[in-house]
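These are the residues of each chain, in order.
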Amino acid sequence: MTCDDVRAALSARLDGEDPLAAPAVLDAHAESCPGCRAWLARAEQVTRLVRVQAVAVPDLTASVLAAVAADPLAPGRTRAAARAARRQVLRVAVAVAAVAQLSIALPMLLAGLGVTVDPHTSREMASFDVALAVGFALAAWRPERARAFVPVALVLAVCLAGTSAVDIANSTTALVHEVGHLAAVVQAGLLWALGRVSDEPGRRPSSALLARHG
């Protein structure tokens, strides 16, 4: 076999085709012929480069962004998810406020725990605190009704803040003793926020639904 014949057979073998020659004959010739051995090394290198070359992947970024922009429901779904997350956080915060208030008021209501002066008046005040805590718990459970409790919580917060300011100004009490009333202000704010997020347009029943149930 001439060098051209051997190289043609080696090329066919590299391409996975039938070289029409015995592999031992081709290998023996390549080992004994420097020219064919060098040619085979270059051919193997080119074959490897061709087989491992990078595959061109189309850039679909523009088409994906266009599809998202063309979806009219995508922004609404995003806003609804954010609103639901805020609503859930506020529900938990209002529920925690209700539990904290109950944990303070119930001992005083049931046994006058820690009260040495006028326990009767203290238990009456504790009764109001328990009622308010139950309102907070109901608002956390049914947030769509939170707005109904907002006026009560706001009036309580305003009254406590006003009377505390007057008492501090008259030196009837110290500021440190009135800091706890800030909790009522925080609770009123949480309740207002929960009522607002629960009454946003995305959560209001449609007029058709109201008509069916009316």
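Residues numbered from 1 in each chain as written. Predicted model: local features only at pLDDT ≥ 70, side-chain atom pairs only at ≥ 80, totals over all residues. Heavy atoms only, no water.

1. Remarks on the overall build of the protein chain
Each helix and strand counted, the protein chain has ten helices and zero strands in total. Looking at the protein chain as a whole, 24% of its 214 residues qualify as buried. Put simply, 64% of the contacts in the protein chain that link residues at least 6 apart link residues at least 24 apart. Put simply, the protein chain shows about 14500 Å² of open surface, and 66% of that area lies on carbon and sulfur atoms. (Helix = DSSP H or I, 4+ residues; strand = E, 2+ residues; numbered from the N terminus. Buried < 20%, exposed > 50% of the residue type's maximum accessible area, 1.4 Å probe, protein only. Contact = heavy atoms within 4.5 Å. Areas by Shrake-Rupley, 256 points an atom, 1.4 Å probe, with all protein chains shown as cover.)

2. Some remarks on the environment of Pro143
Mapped onto the secondary structure, Pro143 falls in the loop between helix 6 (119-141) and helix 7 (150-169). Between the C-alpha atoms of Pro143 and Gln88, which are 55 residues apart in sequence, the distance is 9.4 Å. Excluding anything up to four places from it in sequence, Pro143 contacts Arg87, Arg91, Leu194 and Ser198.

3. Here we look at the state of the cysteines
Should the sulfur atoms of two cysteines be covalently bonded, the bond is a disulfide. Scanning all chains against the criterion turns up zero disulfides. The thiol of Cys3 is unpaired, and the distance to the nearest cysteine sulfur, on Cys36, comes to 3.6 Å. Considering cysteine sulfurs only, Cys36 is the nearest to Cys33, which forms no disulfide, with 3.6 Å between them. Given the relative accessible area of 15%, Cys33 is considered buried. (Disulfide = S-S within 2.5 Å.)

Purely geometric numbers; function is a separate question.
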